[in-house]
Amino acid sequence: MQVARLCLYYRARSAEAQQNLGRKTRSQPQGDRTVKSAVETLNPTRVRLTVEVPFEELKPSLDAAYKKINQQVSVPGFRKGKIPARVIDQRFGRGAVLEEAVNDALPKFYTEAVNEGELNPLGQPEVDITELKDGELLTFTAEVDIRPALEIPDYSGIEVTVDAVEVTDEDVEKSVEQLRERFATTSPVERAAAEGDIVTLDLEAKVDGEVLEDGVAKGVDYTIGSGQLLDGIDEAVTGLEAGGTATFTSELKGGSAEGKEAEVKVDVTAVKSRELPALDDEFAQLASEFDTLEELKADSRERLARMKKFDQATQAQEKVLEELLKLVEVPMPEKLLEDEINTRKHNLEHHQLGQMGLTLAKYLEIQGKTAEEFDAELKEQAEKGIRTQFVLDEIVNKEKLSVGQDELTEHLMRRAQSSGMSPDQFAQAVVEQGQVPMLVGEVARGKALATVVEAATVKDSNGEVVDLEDGEDEAEATEATEATETAEAAEAKNEG
């Protein structure tokens with residue numbers, strides 16, 4: 001099974017994954033090398049590395065460059081792959097060889113400098129070769145964003161208030177009534193249509209006297225009073241019997257003439273009354289596994305209480321997280337923030353809105369927002385996601401939290417369910433895309449948030465201290481995951 005494969009992969013990579021949760025990278029031994037590196041802090045989230053590499057350290061890369069060029073070119077008088085270095089220098093230029101060698105060597109020397117400086121880089125560096133003396137020295141600089149150093153204060157003093165878990169008789173009645181609606185029956189009637197009846201309609205919409213190509217619909221079932229069709233249709237069909245016709249004017253809510261005023265002709269072809277079953281023990285037996293209506297209501301009360309307990313735990317997490325973020329100053333890496341904003345905007349435009357057939361402009365119109373207001377909200381959300389990730393990662397390190405295999409598997413199951421994939425399919429995708437550390441990070445951040453919530457004081461609106469144990473298992477990691485997963489996507493994009 002792919003799930004088992006993922007767990008094996010996790011056991012092999014767990015130490016590396018935990019290091020990726022914001023911990024400082026360990027320096028690698030340099031031996032007798034004379035490579036020199038220095039770190040200059042440009043701001044709390046950006047540094048400049050200056051690296052000096054003696055030319056002899058480039059020899060492995062130079063040899064690889066000559067070998068690569070040997071396989072790519074042909075020189076009369078020499079067999080392919082056997083062209084001497086001096087001939088390559090004469091024919092193609094020493095500069096081409098040096099360029100190939102430097103491109104090959106730079107990642108290694110950059111990584112060694114990062115390790116030596118115990119840095120946690122975010123994304124790819126901006127590299128500038130400042131000096132290249134053939135046979136003597138290579139000097140380059142690399143500017144890169146880094147995770148800021150954070151100070152996590154004592155968070156045990158956090159206090160929040162959440163909604164009390166109260167299930168009223170009205171809540172129970174509403175729940176049972178919704179169940180009753182599902183078991184309603186319909187029957188044709190020979191009378192005028194009234195509110196609550198289901199009418200079968202043929203519709204024809206005209207704009208400027210012309211019937212729209214997409215303005216004709218036949219056999220549409222509509223419940224009078226539901227408000228799920230055009231404005232004005234309830235008034236038009238109320239009082240009509242089967243065979244009746246009416247015309248009214250309404251603004252179209254979709255289609256080719258969306259937003260325009262149209263003259264709509266409606267023909268009623270059938271009228272059906274809707275009958276609800278009686279609320280009695282027979283209904284309880286029909287709609288549930290219970291024998292009596294009282295047992296059904298008691299079960300509804302218990303179910304509603306569990307749902308409200310879950311909502312309460314989620315609310316506690318959200319509020320505690322808000323208070324936690326107020327306690328920590330988080331410098332913002334501008335490049336990471338820019339990528340996060342672009343990622344969120346791209347996902348909204350090309351995935352969420354695209355699936356609904358909406359443009360961003362139409363979405364803003366529906367929301368009643370200007371482009372400036374939308375951009376400001378997007379930036380605020382992106383900043384919160386990044387700050388949440390950094391702070392929770394730091395708490396993971398501070399509290400020395402680890403992720404067990406069972407915890408990882410349980411989280412994978414939840415993520416697979418929300419993605420619409422089977423656990424095996426999701427696990428395979430995670431392994432193939434190298435996202436095991438990301439999943440471990442999500443679980444660890446969820447545990448970090450749960451740790452803070454446990455330390456905080458949570459009271460309900462009645463002033464009673466809340467025990468969140470019953471609801472927190474289901475709610476755990478929800479807020480942390482949703483708030484940071486696109487930030488991780490942006491960071492992963494940078495690192496790629």
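The rules behind each value
Residues numbered from 1 in each chain as written. Predicted model: local features only at pLDDT ≥ 70, side-chain atom pairs only at ≥ 80, totals over all residues. Heavy atoms only, no water. UniProt positions renumbered as here; feature names shortened; annotations may be inferred. Patch = residues over 30% accessible without salt bridge, like charges linked within 9 Å, V, L, I, M, F, W, Y side chains within 5 Å. Areas by Shrake-Rupley, 256 points an atom, 1.4 Å probe, with all protein chains shown as cover. Salt bridge = Lys/Arg side-chain N within 4 Å of Asp/Glu carboxyl O. Helix = DSSP H or I, 4+ residues; strand = E, 2+ residues; numbered from the N terminus. Axes fitted to C-alpha atoms, helices over the stretch in contact; angles between N-to-C directions. Parallel < 35°, antiparallel > 145°, perpendicular 65-115°, else oblique. Contact = heavy atoms within 4.5 Å. Nonpolar A, V, L, I, M, F, W, Y, C, P; charged D, E, K, R; others polar. Buried < 20%, exposed > 50% of the residue type's maximum accessible area, 1.4 Å probe, protein only. Core = buried A, V, L, I, M, F, W, Y, C linked by side-chain atoms within 4.5 Å. Phe/Tyr/Trp six-rings, centres within 6.5 Å; stacked < 30°, edge-to-face > 60°. Pairing = 2+ DSSP bridges. Left-handed = near helix turned anticlockwise from the far one by under 90°. pLDDT = per-residue confidence, 0-100.

- Under the annotation held in an unreviewed UniProt entry, the chain carries the name Trigger factor and is attributed to Streptomyces mobaraensis.
- Of the comments in the UniProt record for the chain, the one headed Catalytic activity (unreviewed entry) reads "[protein]-peptidylproline (omega=180) = [protein]-peptidylproline (omega=0)".

## A few points about a nonpolar patch on the surface
Item 1. There is a patch of nonpolar side chains on the surface, built from Val127, Ile129 and Leu132 and spanning about 220 Å² of accessible area.
Item 2. Structurally, Ile129 is set in strand β3 (residues 121–133).

## Digging into the packing of helix α5 (residues 169–182) against helix α8 (residues 293–327)
Item 1. For the pair α5 and α8, the least separation of the axes is 9 Å and the interaxial angle reads 110 degrees. As the angle between them shows, α5 and α8 are arranged roughly perpendicular. Residues Asp169, Asp171, Val172, Glu173, Ser175, Val176 and Leu179 of α5 form the contact with α8, whose participating residues are Leu296, Lys297, Ser300, Arg301, Arg303, Leu304 and Lys308.
Item 2. Here the residues of the contact of α5 with α8 are counted per class, giving five nonpolar, two polar and seven charged.

## Description of helix α13 (residues 423–432)
Item 1. Among the residues of α13, Phe426, Ala427, Ala429, Val430 and Val431 are the ones counted as buried.
Item 2. Trailing α13 by a residue or two, Gly434 shows a phi angle of about 65 degrees, which is positive.

## A look at the nonpolar core
Item 1. Within the largest apolar cluster, 54 residues are counted, with the highest numbers of intra-cluster contacts made by Ile158, Leu324, Val391 and Ile395.
Item 2. Within the residue set of this core, elements represented by two or more residues are β5 (159–162), α8, α9 (334–355), α10 (360–367), α11 (371–398), α12 (405–419), α13 and α14 (436–455).
Item 3. Ignoring sequence-local partners within four residues, the contact set of Ile395 consists of Ile152, Tyr155, Leu324, Lys400, Leu401, Ala448 and Val452.
Item 4. Formed by 32 residues, the second largest nonpolar core is a distinct cluster that contains Phe55, Ala101, Tyr110 and Leu138.

## Quick word on the pattern of salt bridges
Item 1. If you walk through the whole model with that rule in mind, you get 28 salt bridges.
Item 2. Residue Arg445 is joined to Asp393 by a salt bridge in which the shortest nitrogen-to-oxygen separation is 2.5 Å. In this pair, Arg445 is assigned in helix α14 and Asp393 in helix α11, connecting sequence segments 52 residues apart.
Item 3. Overall, Arg445 belongs to the buried group, its relative accessible area being 3%.
Item 4. Overlapping salt bridges, with partners in common, bring together Glu40, Arg46, Arg48, Glu126, Glu143 and Asp145 in one network.

## Describing the packing of aromatic side chains
Item 1. What the rule picks out here adds up to one aromatic pair.
Item 2. Seen in terms of ring centroids, Phe183 and Phe283 are 6.1 Å apart; in terms of plane orientation they differ by 85 degrees. Their pairing is edge-to-face. Taken together, the residues Phe183 in the loop between α5 and β6 (185–188) and Phe283 in helix α7 (residues 281–287) connect sequence positions 100 residues apart.
Item 3. Residue classification places Phe183 among the partly exposed positions, given a relative accessible area of 28%.

## Focus: the sheet that holds strand β4 (residues 137–146)
Item 1. The sheet built from four strands is open, its strands ordered β1-β2-β4-β3 with antiparallel pairing. Every interior strand has two partners, whereas the edge strands, β1 (36–43) and β3, have only one. The mean inter-strand angle of the sheet, taken between neighbouring strand axes irrespective of direction, is 20 degrees.
Item 2. Inspection of the sheet shows strand β2 (residues 46–54) paired to β4 by nine bridges, in the antiparallel sense. Within β4, the residue paired with Thr50 across the bridge is Thr141.
Item 3. The strands that helix α4 (residues 94–116) touches are β1, β2, β3 and β4; relative to β3, the one it contacts most, it runs at about 125 degrees.

## What about the packing of helix α2 (residues 59–72) against helix α3 (residues 85–92)?
Item 1. Close contact between α2 and α3 brings their axes to 11 Å; oriented N to C, the two are set at 70 degrees. Viewed along their axes, α2 and α3 adopt a mutual orientation that is roughly perpendicular. Here α2 runs over α3; the crossing is left-handed. The segment α2 lies against α3, with Tyr66, Ile69 and Asn70 engaging Ala85, Ile88 and Asp89.

## A few points about the confidence of the model for the chain
Item 1. Across the chain, the average pLDDT comes to 85, with 88% of residues at or above 70.
Item 2. Per-residue pLDDT stays below 50 along residues 1–32; that stretch engages in 63 contacts with residues further than four places along the chain or on separate chains.
Item 3. Residue range residues 482–496 is modelled with pLDDT below 50. Its contacts to residues more than four positions away, or to other chains, number 39 contacts.

## A short note on the pairing of strand β7 (residues 198–207)
Item 1. Counting buried positions over the 10 residues of β7 gives eight, a clear majority of the element.
Item 2. With eight bridges connecting them, β7 and strand β8 (residues 210–223) associate as antiparallel partners. The residue bridging Leu203 from the neighbouring strand is Ala217, located in β8.
Item 3. The hairpin turn running from β7 into β8, its antiparallel successor, is two residues long, and Asp208 in that turn takes a positive phi close to 55 degrees.
Item 4. One ladder, built from nine bridges, connects β7 with strand β10 (residues 261–275); its direction is antiparallel. Paired with Leu201 across the two strands is Val268, which belongs to β10.

## Focus: unusual backbone geometry
Item 1. The phi dihedral of Glu118 falls on the positive side, at around 50 degrees, and the residue is not glycine.
Item 2. Within the secondary structure, Glu118 is located in the loop between α4 and β3.
Item 3. On the basis of relative accessible area, Glu118 is assigned to the partly exposed category, the value being 39%.
Item 4. In the Ramachandran plot, Lys400 falls in the positive-phi region, its phi being about 55 degrees despite a non-glycine side chain.
Item 5. Secondary-structure assignment places Lys400 in the loop between α11 and α12.
Item 6. Taking relative accessible area as the criterion, Lys400 reaches 69% and is therefore assigned exposed.

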